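Commentary on secondary and tertiary structure
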Amino acid sequence: MKKKITCIECPQGCQLEVDVENGYVVKVTGNKCDKGTDYAKQEIENPMRVLTSTVQSDGLELKMVPVRTDKTIPKSQVLKAMAEVQKIKLTQPVKVGEVIMKNILGTEANLIATRPAAKRSFPS
Amino acid sequence: MAAAVAAHEAGVKDILLLERDQYLGGILNQCIHQGFGLHHFKEELTGPEYADRFIKQIENLPQIEVSLSSMVVRLTKDRVLTYFKPGEMVELKAKALIMATGCRERTREMVHIPGARPAGIYPAGLAQKMINIEGWLPGKEVVIVGSGDIGLIMARRFTLEGAKVQAVIEIQKESRGLIRNVVQCLEDFEIPLYFQHKIRTLKGKDRVESVEVVEVDDNYNEKPETRFGLSCDTVLISVGLIPENELIEMAGVTDVIKIDLPGVFVCGNSYKVYDLVDWVTRDSVKAGKMAAEYLRSQM
Ligand code: SF4
């Protein structure tokens, strides 16, 4: 099977043509350098992404606290991980980098806060 | 913040940082995606994390006084500025002034989309603020006009939050955004991107109901036989930014690039529209140093 993907390792954005057999990359053409081959392998065989989103809060100064996974997770798990993120309601203050959910969906990635949120000092 | 820290490092000991919002960090706070800091911090950070690095530096420098919820409403050529903060109006004269007032978004009016004027049309950055800061999802079925980075990022953001993004419509032949965003925000979710297309009409009574899309040729003439409809309750406009420079214009500057007011410096997106925050930081550091040098020359 042939697949067309765009290499994103540099702004050149080479259009790669990838021969795939049983889910594995056997040949890459269209790349202007070796990074293109590695990128195609990773993207076709095991695409990974960092998930960034927000979680709701209650009693904190921010209504929404931004979060991300501290490592990449399989692309196929992104929407499932998102469903978990949407269930969270933060009630305790957080600092940047603080873990909000450990080992999300067994991916070994933790969900961490990316912005500090203190207790709300006035009712609103 | 980078300019303030740089001015401080260059020996300026009395710095006031005025921020219109309730928090430091500006637009970075709503840019919760990654892609910031690869050059400056050699790490890939989200917008809030990038801002937080500078906020922490500022907090450790007592000579930089921060005034939040402070909106400057007047500026004269002698650097007298007037600002409001809760319960107070302040007038003061700065010996040197660094403007880092950022950008605002181009609106629908600037891209001439014909049709009705229903609710449901947002600049992409405003929708970003609604979702990431306020926690409201503006709609469930979305068409995005313009393939600038904010539009692409919002295509993914809406999808993650459970909305259906019907398409991104770009009148040019190629994306105005980074390839990486085309791949990870659109291709990952199989969102179609139509080049050389535009919205022909926008339909809906109270709320947007649909748009009619048409292909255009190299001279932007419509090809009527290519028309098709897309249903949607939300249209995002992502067609670029314009520097926000009303204050220095008020002070008499006509061209921000060769700004000719002694002691006034402009940096960040209000100087020119950057696509990487790392370069904003680099140039803002320069502005901070230049302001410090100017002050020394006046002593
Ligand atoms: S293949 Fe090499 S040159 Fe082409 S986009 Fe990838 S990294 Fe850049």
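Rules behind the numbers
Residues numbered from 1 in each chain as written. Chains lettered and ligands numbered in written order. Predicted model: local features only at pLDDT ≥ 70, side-chain atom pairs only at ≥ 80, totals over all residues. Heavy atoms only, no water. Contact = heavy atoms within 4.5 Å. Buried area = accessible area lost by both parts, 1.4 Å probe. Salt bridge = Lys/Arg side-chain N within 4 Å of Asp/Glu carboxyl O. Polar contact = N/O pair within 3.5 Å; in protein donor to acceptor, adjacent residues only side chain to side chain. Helix = DSSP H or I, 4+ residues; strand = E, 2+ residues; numbered from the N terminus. Nonpolar A, V, L, I, M, F, W, Y, C, P; charged D, E, K, R; others polar. Phe/Tyr/Trp six-rings, centres within 6.5 Å; stacked < 30°, edge-to-face > 60°. Buried < 20%, exposed > 50% of the residue type's maximum accessible area, 1.4 Å probe, protein only. Lys NZ or Arg CZ within 6 Å of the ring centre and 35° of its normal. Patch = residues over 30% accessible without salt bridge, like charges linked within 9 Å, V, L, I, M, F, W, Y side chains within 5 Å. Areas by Shrake-Rupley, 256 points an atom, 1.4 Å probe, with all protein chains shown as cover. Expected span 1.5 Å × (residues − 1). Pairing = 2+ DSSP bridges. Axes fitted to C-alpha atoms, helices over the stretch in contact; angles between N-to-C directions. Domains from an automatic or database assignment.

Quick notes on the interface of chain A and chain B
With 30 residues of chain A in contact, the opposing surface of chain B contributes 26 residues. Summed over both sides, the interface of chain A with chain B buries roughly 2,300 Å², with 54% coming from carbon and sulfur. Considering only the side of chain A, the residues that lose the most area to chain B are I8, T52 and R115 of chain A, jointly responsible for 24% of the buried surface there. For R68 of chain A, the salt bridge identified is with E49 of chain B, shortest N-O distance 2.9 Å. Here chain A and chain B share nine residue pairs in polar contact (both at pLDDT 80 or more) between them. When contributions to the side of chain A that touches chain B are tallied by element, the ones reaching two or more residues are β5 (52-57), β6 (64-69) and α2 (78-87) of chain A. Residue contributions to the side of chain A that touches chain B peak at four residues, all from α2 of chain A. Here the residues of the side of chain A that touches chain B are counted per class, giving 16 nonpolar, eight polar and six charged.

Some thoughts on the packing of aromatic side chains
Scanning the entire structure with this criterion turns up five aromatic pairs over all chains. Each ring, one from Y50 of chain B and one from F54 of chain B, has its centre 5.6 Å from the other, and the planes form 40°; the classification is tilted. Residue Y50 of chain B and its partner F54 of chain B are both found in helix α2 (residues 47-59); the two are separated by four residues, about one turn of the helix. There is no split in this pair, since Y50 of chain B and F54 of chain B are both buried. Members of the aromatic cluster, connected to one another through ring pairs, are F41, Y50 and F54 of chain B. Directly above the aromatic system of Y23 of chain B lies the positively charged group of R115 of chain A, at a separation of 4.7 Å from the ring centroid. R53 of chain B extends its terminal NZ or CZ atom over the ring of F41 of chain B, reaching a point 5.0 Å from the ring centre.

A short note on a nonpolar patch on the surface
Residue and element names in this part refer to chain B. On the surface, M71, V73, F84 and M89 cluster together into a nonpolar patch covering about 360 Å² of accessible area. Along the chain, M89 turns up in strand β7 (residues 88-93). Assessed through its relative accessible area of 52%, M89 is described here as exposed.

Side note on the pattern of salt bridges
For the structure shown, the criterion picks out 26 salt bridges over all chains. Put simply, K198, R200, K203, E212, E222 and R227 of chain B are held in one network by salt bridges that share partners.

Some words on the environment of I73 of chain A
All names here are of chain A. With respect to the element layout, I73 can be found in strand β7 (residues 73-74). Note on I73: relative accessible area 0%, which makes it buried. Dropping the residues within four chain positions of it, I73 is found in contact with P47, M48, R49, L51, V78, A81, T107 and A109.

Description of helix α8 (residues 277-298) of chain B
Residue and element names in this part refer to chain B. Spanning 22 residues, α8 covers 31 Å between terminal C-alpha atoms, matching the ideal 32 Å at 1.5 Å per step. The complete set of buried residues in α8 reads V277, D278, V280, T281, D283, S284, A287, G288, A291, A292 and Y294. Against α1 (2-9), β2 (34-36), α2, β8 (97-99) and β19 (264-266) lie the buried residues of α8.

Remarks on the sheet that holds strand β2 (residues 15-21) of chain A
Either a parallel or an antiparallel arrangement is found when strands of a sheet pair, and the pairing is made through backbone hydrogen bonds. Residue and element names in this part refer to chain A. The three strands are arranged β1-β2-β3 in an open sheet whose pairing can be described as antiparallel. Each edge of the sheet is formed by a strand with only one pairing partner; in this case those strands are β1 (2-6) and β3 (24-29). Each neighbouring strand pair of the sheet contributes to a mean axis angle of 35°, computed without reference to strand direction. Of the pairings in the sheet, the one linking β1 to β2 comprises five bridges and is antiparallel in character. Within β2, the residue paired with K2 across the bridge is D19.

Quick notes on the side chain of T114 of chain A
Here T114 of chain A lies in the segment after β10 (111-113). For T114 of chain A, a relative accessible area of 0% gives the class buried. Apart from the residues lying within four places of it in its own chain, the contact partners of T114 of chain A are P66, V67, R68 and V96 of chain A together with T46, P48 and E49 of chain B.

Points about the domain arrangement of chain B
Residues and elements named next belong to chain B. You can read the domains of chain B as domain 1 (2-102 + 244-297) and domain 2 (106-237). Using C-alpha coordinates to define each centre, domain 1 is positioned 32 Å away from domain 2. At the junction of the two partners, domain 1 supplies six residues and domain 2 supplies nine residues. Across the interface of domain 1 and domain 2, roughly 700 Å² is buried in total on both sides, 51% from carbon and sulfur atoms. Area buried by domain 1 at its contact with domain 2 is led by Q30, I32 and H33, which between them contribute 67% of it.

Quick notes on the sheet that holds strand β15 (residues 210-215) of chain B
All names here are of chain B. Strand order across the open sheet formed by three strands is β14-β15-β16, with antiparallel pairing between neighbours. Across the chains shown, the open sheet's two edge strands, defined by having one partner strand only, are β14 (197-203) and β16 (228-231). Going from strand to strand, the sheet's axes swing by 30° on average, the running direction of each strand aside. Alignment of β14 against β15, held across six bridges, turns out to be antiparallel.

Focus on the domain arrangement of chain A
The assigned domain composition of chain A is domain 1 (2-46) and domain 2 (52-113). Computed from C-alpha coordinates alone, the two centres of domain 1 of chain A and domain 2 of chain A are separated by 31 Å.

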